[in-house]
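An overview of the molecular structure
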Amino acid sequence: MIIAITTTASHHHHSKKNIRAAAAVALRKPCKTLVFYFHDIIYNGKNSHNATSAIVGAPAWGNRINLDGQNHFGDVVVFDDPITLNNNLHSTPVGRAQGFYLYDKKEIFTAWLAFSFVFNSTKHKGSINFAGADPLMNKTRDISVIGGTGDFFMARGIATLMTDAFEGEVYFRLRVDIKLYECWY
């Protein structure tokens, strides 16, 4: 009986602590906010001259030219996409989004991402690194900012992704709203 009371009291203490921590984070303002767009043009067997991503792994039933059915489950895509300040693919890039995504569920359309925004412009130098689950059917979804270099040295925060355009199996554009809560500059 004493153990049950101790466990309940301990659980109650941790719940209060978690509520206080969540409230503190909600009040905290980001040290830097940024918005970028990245444009992914998937190689489809005919567009090698302008493709910025390619399927590098596929399940036994799939292939590496076209994304597989079953919500693309098992496909692994590597990308080197232009980053722009607006949603126009033809505007001047400010960097590259480089990394990979893999489709990780048969039942629903979802992916897991690991990538960097690599900058080398007059405004930004260095990189911002991201990783996390991307439930693609949600209008917005958050992934973690897990670090950075240069102007973004050891950055930490959240990036909210929104699919801004989707054109079949060949092109999509993501709006990336970045809120950094750790800035070392």
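Keep in mind it's a predicted model, so treat the numbers as computed, not measured.

Counted by the stated rule, this structure contains four salt bridges. In this structure, the salt-bridge partner of Arg 173 is Asp 164, at a minimum N-O distance of 2.5 Å. Arg 173 gets classed as buried once you look at its relative accessible area, which sits at 12%. Between Lys 179 and Asp 177 there is a salt bridge, with its nearest N and O atoms 3.3 Å apart. With relative accessibility at 29%, the residue Lys 179 sits in the partly exposed group.

This paragraph deals with the state of the cysteines. All chains considered together, the criterion is met by one disulfide. At a sulfur-sulfur separation of 1.9 Å, the disulfide partner of Cys 31 is Cys 183. Disulfide Cys 31-Cys 183: torsion about the S-S bond near 80 degrees, hence right-handed. Linking Cys 31 in the loop between α1 (2-27) and β1 (32-41) with Cys 183 in the segment after β9 (171-182), this pair joins segments that are 152 residues apart in sequence. Overall, the relative accessible area of 34% leaves Cys 31 in the partly exposed class. Since its relative accessible area comes to 24%, Cys 183 is described here as partly exposed.

Glancing now at a nonpolar patch on the surface. Together, Phe 153, Met 154 and Trp 184 line one region of the surface with nonpolar side chains, adding up to about 330 Å² of accessible area. Among the structural elements, Trp 184 can be located in the segment after β9. Judged by relative accessible area, which is 54%, Trp 184 ranks as exposed.

Relative to the helices and strands, Ile 55 resides in strand β2 (residues 53-57). Expressed as a C-alpha distance, the spacing of Ile 55 and Ile 65, which sit 10 residues apart in the sequence, is 6.6 Å. Leaving out residues up to four positions away in the same chain, Ile 55 has contacts with Asn 63, Arg 64, Ile 65, Asn 66, Leu 67, Asp 75, Val 76 and Val 77.

Phi is positive for Met 154, which is not a glycine, with a value near 55 degrees. A relative accessible area of 33% places Met 154 in the partly exposed class.

Cut-off values and rules
Residues numbered from 1 in each chain as written. Predicted model: local features only at pLDDT ≥ 70, side-chain atom pairs only at ≥ 80, totals over all residues. Heavy atoms only, no water. Salt bridge = Lys/Arg side-chain N within 4 Å of Asp/Glu carboxyl O. Buried < 20%, exposed > 50% of the residue type's maximum accessible area, 1.4 Å probe, protein only. Disulfide = S-S within 2.5 Å. Helix = DSSP H or I, 4+ residues; strand = E, 2+ residues; numbered from the N terminus. Patch = residues over 30% accessible without salt bridge, like charges linked within 9 Å, V, L, I, M, F, W, Y side chains within 5 Å. Areas by Shrake-Rupley, 256 points an atom, 1.4 Å probe, with all protein chains shown as cover. Contact = heavy atoms within 4.5 Å.

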